[in-house]
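Each chain, letter by letter, is given below.
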Amino acid sequence: MSRRPYIRPVSKTTWYFRSGRYKRYILREITCLLVGLYCVLTIRALAALAAGPEGWNVFLSAQRSPGLAGLHAVMLVYFLVYMTFDWFKLAPKAMPVQLGEKKLPDRAIVIAHYGLWILVSLMLFRLLGVI
Amino acid sequence: MAIAKKAFVWGLFAAGGTVAAIVFPVLIVLFLLLSLGRVPEGLQFGSIHAFAQSWVGKSGLFLVLSLSLWHSAHRLRTVFHDFGVRSDALVAKAVYLAALVGTLITALFLFKM
Amino acid sequence: MSIRQMELEVMRYDPERDTEPRFQSYSVPCQDEWAILDALNYIKDNVDTTLSYRWSCHMMVCGSCGMMINGEPSLTCKTFIRDLPDRVRIEPLANFPIERDLVVVLDDVMEKLHLAKPFIIRNDPPPADREFSQSRAALNKFKQYTMCVNCMCCYSACPQYALDSSFIGPAVLALAHRYNVDSRDQGKSERLDLLADHDGVWECSFVGACSEVCPKSVDPAAAIQQMKIDGAREWWKQKLKVVKP
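Definitions and limits used
- Residues numbered from 1 in each chain as written.
- Chains lettered and ligands numbered in written order.
- Predicted model: local features only at pLDDT ≥ 70, side-chain atom pairs only at ≥ 80, totals over all residues.
- Helix = DSSP H or I, 4+ residues; strand = E, 2+ residues; numbered from the N terminus.
- Buried ≥ 20, exposed ≤ 12 C-beta atoms within 10 Å, placed from the backbone.
- Contact = placed C-beta atoms within 7 Å.
- Rg over C-alpha atoms; globule rule 2.2 N^0.38 Å.
- Expected span 1.5 Å × (residues − 1).
- Core = buried A, V, L, I, M, F, W, Y, C linked by C-beta atoms within 7 Å.
- Nonpolar A, V, L, I, M, F, W, Y, C, P; charged D, E, K, R; others polar.
- Pairing = 2+ DSSP bridges.
- Axes fitted to C-alpha atoms, helices over the stretch in contact; angles between N-to-C directions.
- Left-handed = near helix turned anticlockwise from the far one by under 90°.
- Domains from an automatic or database assignment.
- pLDDT = per-residue confidence, 0-100.
- Parallel < 35°, antiparallel > 145°, perpendicular 65-115°, else oblique.

Undergrad: Please clarify how the overall build of chain C should be interpreted in this entry.
TA: Along the backbone of chain C there are 9 helices and 7 strands. For chain C, the spread of C-alpha atoms along the three principal axes comes to 65 × 45 × 30 Å. Counting all 245 residues of chain C, 42% fall into the buried class. Sequence separation of at least 24 residues holds for 65% of the intrachain contacts in chain C that already meet a minimum separation of 6.

Spelled out as structure tokens, the structure:
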């Protein structure tokens, strides 16, 4: 009796098409590109700010564009779904909280994250005069 | 036994991810408002410049930007790996260098405010 | 009790005759309450005695009967036909070499189990004059991680293990965490290898598939993330010379 184990090949470049779970994982991971993008945009804003009032106003008017508005809107939704909401959903796994004998349900920790997020966002909007 | 260097970078990644998850929606909304021609009071030169000059503002902006840059860099390294790019050492050097450069540039501009 | 006719597409592989695996279809008259394992047993007993597969307890405690059912790593004794369509594809557990038919080579993971140092490590002896008791609260901290039956469904789900089998993997890491979090254990520093090496926790990118497929709700993904946080903390402690590397 001879053994000849068969190794099923796995594509290193397209393995994630194998299931919906894997595809959603990839969609989640590439939000890093959004984070990087908005970091770069913000740094450019800092550059304009450091250049004085004229530099800043030039930057502000350069932002005005319905095309950009559409892009920002799409990226906001994508970011919320695949970054913020996913991050909050995974947070309880990394930080179990045990009170007495029972572990705090994951839901409680998720809600706490949402609470913090809403609070911080409202505070920032208030400070910036958006609301 | 010495803990792998990845522990340090992962720590930055986790901190950066939490910060980005919470703060970036607001940031994107601000860019959205600007693109619609709406400039909130807080983004008029006087207010935002004063904020960026204050120590609270400088440290807040630096922390958010640098942690987010490191988060993005580390995750991008994983993305390359997941897409089949095997030269991890090279990718790591490239993304962390980019994050370092971004961090330094951020510090520079905040210093010059 | 009605009979439901199901079509099972089963992957076959005879190492002495086949150059690569192929599918063979069986039409099985199933009873309503059957699990897929019952259908496989029906095939073996009545239709094709050459079909090879592992199973034992038929009650989700031995971990023998892990297979891919319609692409999802599952225990065949836990997957009921009432939850499945009429056509079911059954394959051996993914990410492992196929020995024969639905039997895979699990050596890689078996050889890794010891890396978790899966036993209580103590510096102090247990109390000599009374029971070494553990409160319910302390037990609940690690109880879920004790439920692992070594079925390896998590390894089948994990894309990082698929891409690189040198990754130590979900079950072994969860096992290490089970001991690290056990109040009786004092051996965390002995298990640091898993945090030090690049094949350990750091290969994990938190896809989370392992926890989603685990039939015993062990949640290895959670164990690994907690180990990462431990690792990050340890890194700082070592750098600040609070502990020796």
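Undergrad: Sorry if this is basic, but what is going on with the overall build of chain B here?
TA: The helix and strand inventory of chain B stands at 4 helices and 0 strands. Counting from the amino terminus, helix and strand elements in chain B follow one another as α-α-α-α. Here the C-alpha atoms of chain B give a radius of gyration of 17 Å, more than 25% beyond the 13 Å that 2.2 N^0.38 yields for 113 residues. Taking the principal axes of its C-alpha atoms as reference, chain B extends roughly 50 × 30 × 20 Å. By the burial criterion, 41% of the 113 residues in chain B qualify as buried. Taking all contacts inside chain B whose residues are at least 6 apart in sequence as the whole, residues at least 24 apart take part in 70%.

Undergrad: Just checking my understanding: could you explain helix 9 (residues 220-239) of chain C for this structure?
TA: Structural remark: α-helix, 3.6 residues per turn; residues separated by three or four positions point the same way. An ideal rise of 1.5 Å per residue puts 28 Å on 20 residues; helix 9 of chain C measures up with 28 Å between its terminal C-alpha atoms. Just downstream of helix 9 of chain C, lysine 241 of chain C is the residue with a positive phi angle, here 60 degrees.

Undergrad: It is not clear to me how the nonpolar core should be interpreted in this structure. Could you clarify?
TA: Nonpolar side chains tend to gather and get buried jointly when the protein is soluble and globular. Judged by nonpolar contacts, the single largest core of 114 residues is most densely connected at Ala39, Cys154, Cys158, Ala171, Leu173 and Leu195 of chain C. Considering each element in turn, this core owes the most residues, 15 residues, to helix 1 (residues 6-35) of chain B. Beyond its immediate stretch of four places on either side in the chain, cysteine 154 of chain C contacts Pro170, Ala171, Cys210, Val213, Cys214 and Pro220 of chain C.

Undergrad: I would appreciate a short explanation of the interface of chain C and chain B in the present structure.
TA: Size of an interface: often given as the accessible area lost when the parts come together. Taken together, the contact between chain C and chain B spans 15 residues of the former and 10 residues of the latter. Listed by contribution, the elements that provide at least two residues to the side of chain C that touches chain B are helix 7 (193-196) and helix 9 of chain C. Residues of the side of chain C that touches chain B, tallied by class, amount to 7 nonpolar, 4 polar and 4 charged.

Undergrad: Please clarify how the sheet that holds strand 4 (residues 72-75) of chain C should be interpreted in this entry.
TA: Within a sheet, neighbouring strands are paired by backbone hydrogen bonds and run either parallel or antiparallel to one another. Residue and element names in this part refer to chain C. One open sheet accounts for 5 strands, arranged 2-1-5-3-4; its pairing is mixed. Both outer strands of the open sheet, strand 2 (22-31) and strand 4, are each paired with one neighbouring strand and no more. Pairs of neighbouring strands in the sheet enclose a mean axial angle of 35 degrees, with direction left out of account. When strand 1 (residues 3-12) meets strand 5 (residues 87-92), the two strands line up parallel, connected through 4 bridges. Paired with glutamate 9 across the two strands is arginine 89, which belongs to strand 5. Running over the sheet, helix 1 (residues 36-47) touches strand 1, strand 2, strand 3 (66-69) and strand 5 and is turned about 105 degrees from strand 2.

Undergrad: Would you explain the packing of helix 1 of chain B against helix 3 (residues 55-82) of chain B in this entry?
TA: In helix packing, the relevant descriptors are the interaxial angle and the interaxial distance, both defined with respect to the helix axes. Residue and element names in this part refer to chain B. Viewed as axis vectors pointing N to C, helix 1 and helix 3 meet at an angle of 115 degrees, and their least axial separation amounts to 7 Å. By crossing handedness, the relation of helix 1 to helix 3 is classed as left-handed. Here helix 1 contributes Val9, Leu12, Phe13, Ala15, Gly16, Gly17, Val19, Ala20 and Val23 to the contact with helix 3, which in turn contributes Val64, Leu67, Ser68, Trp70, His71, His74 and Arg75. Split into classes, the residues belonging to the contact of helix 1 with helix 3 amount to 10 nonpolar, 5 polar and 1 charged.

Undergrad: What should I look at first to understand the interface of chain B and chain A in this one?
TA: The interface of chain B with chain A comprises 46 residues on the first partner and 46 residues on the second. Sorting the residues of the side of chain B that touches chain A by element identifies helix 1, helix 2 (45-53), helix 3 and helix 4 (88-111) of chain B as the ones contributing at least two each. A per-element tally of the side of chain B that touches chain A places helix 1 of chain B first, with 16 residues. The residue inventory of the side of chain B that touches chain A, partitioned by class, reads 30 nonpolar, 12 polar and 4 charged.

Undergrad: Looking at this structure, how should I read the domain arrangement of chain C?
TA: Residues and elements named next belong to chain C. Domain boundaries assigned for chain C yield domain 1 (3-104) and domain 2 (107-239). Using C-alpha coordinates to define each centre, domain 1 is positioned 30 Å away from domain 2. For the side of domain 1 that touches domain 2, the elements supplying multiple residues, two or more each, are strand 3 and strand 4. The element best represented in the side of domain 1 that touches domain 2 is strand 4, accounting for 4 residues. Partitioned by chemical class, the residues of the side of domain 1 that touches domain 2 number 8 nonpolar, 4 polar and 2 charged.

Undergrad: Could you clarify how one ought to interpret the confidence of the model for chain C in this entry?
TA: Residues shown with low pLDDT carry predicted positions that ought not to be read at fine detail. Confidence in the prediction of chain C, expressed as mean pLDDT, is 94, and 98% of residues score 70 or more. Among the prediction metrics, the complex's ipTM stands at 0.94, with pTM recorded as 0.94.

Undergrad: Even after reading the chapter, I still don't get the packing of helix 3 of chain B against helix 4 of chain B, so can you show me in this structure?
TA: Residue and element names in this part refer to chain B. Across the interface, helix 3 lies against helix 4 with an axial gap of 9 Å and an inter-helix angle of 165 degrees. Comparing the axis directions of helix 3 and helix 4 gives the class roughly antiparallel. The hand of the helix 3/helix 4 crossing is right-handed. Each of Lys58, Leu61, Phe62, Leu65, Ser66, Leu69, Trp70, Ala73, Leu76, Arg77, Phe80 and His81 in helix 3 lies in contact with helix 4, whose residues at this interface are Asp88, Val91, Ala92, Val95, Tyr96, Ala98, Ala99, Gly102, Thr103, Thr106, Ala107 and Leu110. In terms of residue class, the contact of helix 3 with helix 4 is built from 16 nonpolar, 5 polar and 3 charged.

Undergrad: Please explain unusual backbone geometry as it appears in this structure.
TA: Leave glycine aside and you will find that most residues have negative phi; peptide bonds, for their part, are mostly trans. Residue and element names in this part refer to chain C. Notably, methionine 60 is not glycine yet its phi reads approximately 60 degrees, a positive angle. The partly exposed category is assigned to methionine 60, around which 16 C-beta atoms lie within 10 Å. Even without a glycine there, the phi angle at aspartate 101 is positive, about 50 degrees. Relative to the helices and strands, aspartate 101 is located in the loop between strand 6 (98-100) and strand 7 (103-104).

Undergrad: Would you mind showing me how to read the pairing of strand 5 of chain C here?
TA: Working note: regular strand, side chains alternate between the two faces of the sheet. Bridge analysis of strand 3 of chain C against strand 5 of chain C gives 3 bridges, and the strand direction is antiparallel. What sits directly across from methionine 67 of chain C, in strand 5 of chain C, is proline 92 of chain C.

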